[in-house]
Amino acid sequence: MRRFAARWLHAGATALAVVLLLGGQAAPAAALTTTPGDAAATAYTRDSVRAATWNMCGEAGGKYASEAGYCPWRNGNATDTGRKKPNGSPIYDYDGPRKKMEGVVKLINERNLNAVLLQEVCAGTTPGDLYGTSHLDELAKLLAGKGWSFASAGVTRPDDSEGPEPERKDSELIDSEGSSCRGDALNGTLSVAIAVKGQITWKSENDFDTPVGTGLSMSSSTILCAEVAGWESHLCSTHISNFNADRYKAKDDPTWEVPISQATAKAYYDKQIDIVVNTVKKFPSVVLGGDFNTSNQETLQPLYTLMAECDQKAYLPNDGVYNDAVNEVTKLTRTNASLRGDGGYLSYDMTTSKIDYLFSTSGFTGCDSRTEFGDATNYLVDGGVQPLCQKTDMVCTPDDDAYSDHTPVYGYTQGGPALSWKLDGSATATTGGTAGLTGASGDGTSDWRTAEHGGALYMDGRVDEAVAADGPAFDTARSFTVSAWAKLDADAGTSAVLSQDGGRVSGVILFYSAGDNSWRFGLPRSDADGWSIDQAVAPGAVKGQWTRLTGVYDSATGKASLFVDGTKKAETAHTARWRANGPFVVGRDLVSGVRNAGFKGHIQRVEAFDHALRDDQVASYSGTMAPPTGENIALQGPQGELSQGCHQHPGDFGNAFGTAGSLTPTLNATVRHPDPSKSVWAEFSLWDNTTGTQILSLGTPQSKSTTTVRGQGTVSLTVPKLAPGHSYGWRVRTADETTNNTPVSANCHFKAPAA
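If you're wondering where the values come from, they're calculated on a predicted model, not measured in any experiment.

Let us now look at the overall build of the chain. Helix and strand counts for the chain stand at six helices and 43 strands. At 29 Å, the chain has a C-alpha radius of gyration in line with the 27 Å of a compact globule built from 755 residues. The principal-axis extent of the C-alpha atoms belonging to the chain is close to 90 × 70 × 55 Å. Within the chain, the fraction of its 755 residues that count as buried is 58%. The contacts in the chain between residues at least 6 apart in sequence include a share of 73% that link residues at least 24 apart. Surface accessibility of the chain: about 27,500 Å² in total, with carbon and sulfur atoms responsible for 48%. When the 65 basic and 85 acidic side-chain charges of the chain are each reduced to a single mean position, those positions are 3 Å apart.

Okay, here's the thing in structure tokens:
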């Protein structure tokens, strides 16, 4: 496994900022080509990753605001511990590293994140260093008992006299190969890092191998990637070095290569981008975040072609209420400064730019830069603002939420439903989805018809039979998608399939209108009595026939669309956005404060997403057997060697995957049929990487899972006895009674135990 390191050297930040960051907020280049992500239109089959990327500027920098590379809370406030160093000087505890990590935890809690991609942090412990702490240790303490795990990759400073260290070959998750963090406040290795709410089972590091010790001002950098148990998506954190400022650097040492040409600076940058692109291509699904040290997005075109970048589009309207700007700033730099004799700021300009980016192959449902967490503190010494913020006293007080000179960028990837109720009469008929909502009927009973379409809920038109969740499934003022299978009785009147209550009226209603025999997707214009509603209308509803209904609202465009059996039938405008905060309900609506339009007929598989599915995603969701997800086998070994191996190999990662728990492991996968009444199973392919022998082939009787499910579920197959110590690969596809010619999963890999 190769290591690679990434870090911005703040000693050269001021000059570089002038070169790269002037011009303020970044705008996409005219030639920039972007992608919405989720090319296969199957993101609905996997869970959403709620991630942020943040450069914490945590290791190097000045001690007062105008000194090169200053960053808030690098050291923080010192408290005398009463202990002494061997030379007799006092030992202090510093609150800066913990303060920075409190900012990370605040972001996690505010935005309900399950992953954080960090740059310029310290990780682990430096051998022989008895003072200070690391950022990752402080973050682990703050998140203790909440299910978080951590990985890091070391970074080498350009002035590190020892140069890059050889990479150890063990499965360490906290890397120790890199430059030691400096100063008494800090301990550990300069790093990029990943924190995730889950178990990290494997990580990889690929070094950029840019030169160190040659006068260049930027670090030798890295891309760190991690696998998380049960997640479809891999996570990667990186920090790209930009050597453009070294075109103007003096050759203070005859052995230095500086000053370098523009072509050399570009070649160094492009090499790092090439390594990042080739790394993330190895993963079927990936989230990548980092400091890319450029506001020129054209230089990142290889990544924009491959993945969606979260802040390239608005997810909410810019209507004065919801202001969702694109390409928001992520870097704050003080330029054109006028200094007092003691180094205190008399004046400066605050220059802003976007140099931090968050990418995903799955696309995003929302994105923002938390600009309030950047250091916009007023550090002027005159006027009594911060008179001690100069090189004599060095007492500079950041604003409460000023944690770094970078601001975090956070986004949510497209994923599975927030609510997913089978409504099939099973023990889990009214549970499921990421929102964790459970449903119950108003009269305490439900009429399950297990022989109908694989199991369905029957309602006779009484509103008391409606099944209500214990809260809202989504925000009706933002984008969302709702879907259900419905079958009307022949004598059904106006019937609501699903809704979400407001105070006086439902905020959304998917319903049948008996007046003109139509299916309708309606969004009331306000939470008021009466019937003022925007409706997408699809005529020609057929009673006595199972129908797949999907309603999509895109708040950014103000469009509401109704799909019948996966095909868009109607669209309307809806711009009067408001929040219906009541329960999500199946089988009725609410009008003028009265429960109304009890459904008469059968309802099955109700789902709600907290984002707008695209037309191609609705078509796939409604009519395609997607590749299986959740491929796994039981593995044994240390935490860093439990990879399911669902990435390309060899190359960067070699045979980096886990060891099966036995010589007859069980292969598992989750399959889903778009029709909940259909039986579905999996077919497994298995081969011996060591000998090249095919053991199980798709389409053969031996490849079929031993279990079959109706609609969706987990299936498995126990394989024949394997050869001890051999390496194996496998993949799986979804099958039903009509076809087995469906897409297959990514290839996964494992090793057989020695005996």
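Having seen it, we continue.
On to the sheet that holds strand β37 (residues 666-672). Spatially, three strands are ordered β34-β37-β41 in an open sheet, and the strand pairing comes out antiparallel. Each of the sheet's edge strands pairs with one partner strand only, and the pair in question is β34 (629-632) and β41 (712-718). The mean inter-strand angle of the sheet, taken between neighbouring strand axes irrespective of direction, is 15°.

Our next topic: the packing of aromatic side chains. Geometry of an aromatic ring pair is reported as the spacing of the ring centres plus the angle between the planes. By the definition in use, this model includes 24 aromatic pairs. Ring geometry for F474 and F480: centres 4.4 Å apart, planes at 15°, overall stacked. Residue F474 shares its accessibility class with F480, and that shared class is buried. Ring centres of F474 and F584 lie 6.2 Å apart, and the angle between their planes is 70°; this geometry places the pair in the edge-to-face category. Taken together, the positions of F474 in the loop between β21 (467-469) and β22 (480-488) and F584 in strand β30 (residues 584-586) put the pair 110 residues apart, joining distant regions of the chain. Clustering of aromatic rings is evident, with ring pairs tying together W421, F474, F480, F521, Y553 and F584. The lysine or arginine in question, K85, covers the ring of Y131, its NZ or CZ lying 5.0 Å from the ring centre.

Attention now moves to the sheet that holds strand β14 (residues 356-360). Spatially, β7-β8-β9-β10-β14-β11 is the arrangement adopted by the six strands of the open sheet, whose pairing is mixed. Every other strand in the sheet has two partners, leaving β7 (200-207) and β11 (308-309) as the edge strands with one partner each. Of the pairings in the sheet, the one linking strand β8 (residues 222-228) to strand β9 (residues 234-239) comprises four bridges and is antiparallel in character. Along β9, the bridge assignment pairs A226 with L235. The strands that helix α4 (residues 262-280) touches are β7, β8, β9 and β10 (286-291); relative to β8, the one it contacts most, it runs at about 15°.

Right, let's get into the side chain of H611. Within the secondary structure layout, H611 lies in the loop between β33 (600-609) and α6 (615-623). For H611, a relative accessible area of 4% corresponds to the buried category. Within the local environment of H611, its side chain forms a polar contact with the side chain of D610, the two groups lying 3.3 Å apart.

Another point: the pattern of salt bridges. Using the criterion set out here, one finds 39 salt bridges in the structure. Across the salt bridge formed by K568 and E571, the nearest N and O atoms sit 3.2 Å from each other. K568 sits in the partly exposed class, given a relative accessible area of 34%. Connected via shared salt-bridge partners are E59, R157, D159 and R182.

Turning next to the nonpolar core. Counting 41 residues, the largest nonpolar core has V482, W519, F521, F584 and V606 as the members making the most contacts within it. A total of five residues in this core trace back to one element, the largest contributor, which is β22. In this structure, V49, I200, L235 and L358 belong to the second largest nonpolar core, which totals 29 residues.

Another point: the state of the cysteines. Applying the stated rule across the entire model yields six disulfides. Sulfur-sulfur distance for the disulfide between C122 and C181 comes to 2.1 Å. One quick way to see it: the torsion about the S-S bond of C122 and C181 is about -115°, and its sign makes the bridge left-handed. Residue C122 is located in strand β4 (residues 115-123), and its partner C181 is located in the loop between β5 (148-154) and β6 (189-197); the two are separated by 59 residues in the primary sequence. Judged by its relative accessible area of 0%, C122 is buried. At a sulfur-sulfur separation of 2.0 Å, the disulfide partner of C646 is C748. Note on the C646 and C748 pair: the S-S dihedral is about 100°, so by sign convention the disulfide is right-handed. Here C646, found in the loop between β35 (635-636) and β36 (659-660), pairs with C748, found in strand β43 (residues 748-751); they are 102 residues apart in sequence, far enough to count as distant.

Here we take up α6. Owing to its 3.6 residues per turn, the α-helix aligns residues three or four sequence positions apart on the same side. Three or more residues of α6 are buried, namely Q617, V618, S620, Y621 and S622. Tucked inside the fold, the buried residues of α6 contact β22, β27 (547-554), β28 (559-564), β33 and β37.

It is worth spelling out the pairing of β5 at this point. Along β5, seven of the seven residues are buried, which leaves the element largely enclosed by surrounding structure. Taking every second residue as pointing to the same face, both faces of β5 are buried, with W148, F150, S152 and G154 on one and S149, A151 and A153 on the other. Of the strand pairs in this sheet, β5 and β6 are connected by seven bridges, and their pairing is antiparallel. Within β6, the position partnered with G154 by the bridge is S191.

Moving on: the confidence of the model for the chain. Considering every residue of the chain, the mean pLDDT works out to 91; 94% of them sit at 70 or more. Throughout residues 1-25 the model reports pLDDT below 50, and contacts reaching past four residues in sequence, or to other chains, amount to 113 contacts.

Our focus in this paragraph is helix α2 (residues 96-111). Relative to the 22 Å expected for 16 residues at 1.5 Å per residue, α2 spans 23 Å between its end C-alpha atoms, a close match to the ideal helical length. If you check which residues of α2 are buried, you get G96, P97, K99, K100, M101, G103, V104, V105, L107 and I108. Looking at the buried residues of α2, the elements they touch are β1 (50-55), β3 (90-94), β4, α3 (135-142), β5 and β16 (409-413).

It is the contact of α2 with α3, at a shortest axis distance of 9 Å, that shows an interaxial angle of 50°. What the angle tells us is that α2 and α3 run oblique. Crossing geometry of α2 relative to α3 is assigned as right-handed. Taking contact as the criterion, the partners of P97, R98, K100, M101, E102, V104 and V105 in α2 are, on α3, H135, E138, L139, K141 and L142.

Take L117: it is sitting in strand β4. In this structure the C-alpha to C-alpha distance between L117 and F283, which are 166 residues apart in sequence, comes to 17 Å. For L117, the contacting residues outside a window of four places in its chain are A52, T53, W54, A193, I194, L235, C236, S237, V287, L288, G289 and L358.

We now examine the environment of R50. With respect to the helices and strands, the residue R50 is situated in strand β1. Taking the relative accessible area as the measure of exposure, R50 reaches 24% and is therefore partly exposed. In the structure, R50 is positioned 360 residues away from Y410 in sequence and 7.4 Å away in space, judged by C-alpha atoms. Apart from residues lying up to four places away in sequence, R50 is in contact with N112, L113, N114, A115, G411 and Y412.

Criteria and thresholds
- Residues numbered from 1 in each chain as written.
- Predicted model: local features only at pLDDT ≥ 70, side-chain atom pairs only at ≥ 80, totals over all residues.
- Heavy atoms only, no water.
- Helix = DSSP H or I, 4+ residues; strand = E, 2+ residues; numbered from the N terminus.
- Rg over C-alpha atoms; globule rule 2.2 N^0.38 Å.
- Buried < 20%, exposed > 50% of the residue type's maximum accessible area, 1.4 Å probe, protein only.
- Contact = heavy atoms within 4.5 Å.
- Areas by Shrake-Rupley, 256 points an atom, 1.4 Å probe, with all protein chains shown as cover.
- Lys, Arg positive; Asp, Glu negative; His and termini not counted.
- Charge placed at Lys NZ, Arg CZ, Asp CG, Glu CD.
- Pairing = 2+ DSSP bridges.
- Axes fitted to C-alpha atoms, helices over the stretch in contact; angles between N-to-C directions.
- Phe/Tyr/Trp six-rings, centres within 6.5 Å; stacked < 30°, edge-to-face > 60°.
- Lys NZ or Arg CZ within 6 Å of the ring centre and 35° of its normal.
- Polar contact = N/O pair within 3.5 Å; in protein donor to acceptor, adjacent residues only side chain to side chain.
- Salt bridge = Lys/Arg side-chain N within 4 Å of Asp/Glu carboxyl O.
- Core = buried A, V, L, I, M, F, W, Y, C linked by side-chain atoms within 4.5 Å.
- Disulfide = S-S within 2.5 Å.
- pLDDT = per-residue confidence, 0-100.
- Expected span 1.5 Å × (residues − 1).
- Parallel < 35°, antiparallel > 145°, perpendicular 65-115°, else oblique.
- Left-handed = near helix turned anticlockwise from the far one by under 90°.

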